Amino acid sequence: MLITERAKAGGKTDPALQRFSEMRAEIEGIKRSGLPDRVAQLCTDLAALQKEDDKEYDRLRRQLLTALEERTGSRRVGTATT
């Protein structure tokens, strides 16, 4: 039984499981807090790649746009269709 299901079902609270859930939430918060830096680094890396290998840049750009479109369900104005 999952920790959240156990709590919803009125199961006894286990302090170890409670702490584990708290640690998981903390870890997820840390991951989210580093996201802006990772996105900035990705932009820097793509700009450098565009100068070094335009073909690979275009491939990765299309891959990134496709992934973003799949997750949002929409196409933004000005994005490539190929």
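A quick note: this is a predicted structure, and the numbers were derived from the prediction, not measured.

## Quick word on the pattern of salt bridges
Consideration 1: Inspection of the entire model under this criterion finds four salt bridges.
Consideration 2: Of the charged contacts in the structure, one is a salt bridge between Lys-31 and Glu-28, with a shortest N-O distance of 3.4 Å. Linking Lys-31 with Glu-28, this pair stays in helix H2 (residues 15-52), spanning three residues, or about one helical turn.
Consideration 3: The class of Lys-31 is partly exposed, set by a relative accessible area of 45%.
Consideration 4: The exposure class assigned to Glu-28 is partly exposed, which follows from its relative accessible area of 27%.
Consideration 5: Close ionic contact of Arg-59 with Glu-56 constitutes a salt bridge, the shortest N to O distance being 2.7 Å. Residue Arg-59 and its partner Glu-56 are located together in helix H3 (residues 54-72), separated by three residues, close to a single helical turn.

## With respect to a nonpolar patch on the surface
Consideration 1: A grouping of Leu-42, Leu-64 and Leu-68 is seen on the molecular surface, where their side chains present a nonpolar patch of about 240 Å² in accessible area.
Consideration 2: Looking at the secondary structure, you find Leu-42 in helix H2.
Consideration 3: Classification of Leu-42 as partly exposed rests on a relative accessible area of 37%.

## What to know about H2
Consideration 1: Between its first and last C-alpha, H2 extends 54 Å over 38 residues, near the 56 Å set by a 1.5 Å rise per residue.
Consideration 2: Of all bends in H2, the biggest is about 40°, found at Leu-35, and the proline Pro-36 comes one to four residues later.
Consideration 3: Turning to H2, its buried residues are Gly-34, Leu-46 and Leu-49.
Consideration 4: Where H2 is buried, its residues meet H3.

## Re H3
Consideration 1: Compared with an ideal rise of 1.5 Å per residue, which puts 19 residues at 27 Å, H3 spans 27 Å between its outermost C-alpha atoms and is within 8% of the ideal.
Consideration 2: The secondary structure elements touched by the buried residues of H3 are H2.
Consideration 3: Once H3 ends, the next one or two residues include Gly-73, with phi positive near 75°.

## Here's the deal with the confidence of the model for the protein
Consideration 1: On average, residues of the protein score 84 in pLDDT, and 80% of them reach the 70 mark or higher.
Consideration 2: The secondary structure element of the protein with the lowest average pLDDT is helix H1 (residues 3-8), at 68, and the one with the highest is H3, at 93.

## A closer look at a negative patch on the surface
Consideration 1: On the surface, Glu-52, Asp-53, Asp-54 and Asp-58 cluster together into a patch of negative charge.
Consideration 2: By secondary structure assignment, the location of Asp-58 is in helix H3.

What counts and how
- Residues numbered from 1 in each chain as written.
- Predicted model: local features only at pLDDT ≥ 70, side-chain atom pairs only at ≥ 80, totals over all residues.
- Heavy atoms only, no water.
- Salt bridge = Lys/Arg side-chain N within 4 Å of Asp/Glu carboxyl O.
- Helix = DSSP H or I, 4+ residues; strand = E, 2+ residues; numbered from the N terminus.
- Buried < 20%, exposed > 50% of the residue type's maximum accessible area, 1.4 Å probe, protein only.
- Patch = residues over 30% accessible without salt bridge, like charges linked within 9 Å, V, L, I, M, F, W, Y side chains within 5 Å.
- Areas by Shrake-Rupley, 256 points an atom, 1.4 Å probe, with all protein chains shown as cover.
- Expected span 1.5 Å × (residues − 1).
- Bend = angle between axes of the 7 residues up to and from the residue.
- Contact = heavy atoms within 4.5 Å.
- pLDDT = per-residue confidence, 0-100.
- Lys, Arg positive; Asp, Glu negative; His and termini not counted.
- Charge placed at Lys NZ, Arg CZ, Asp CG, Glu CD.

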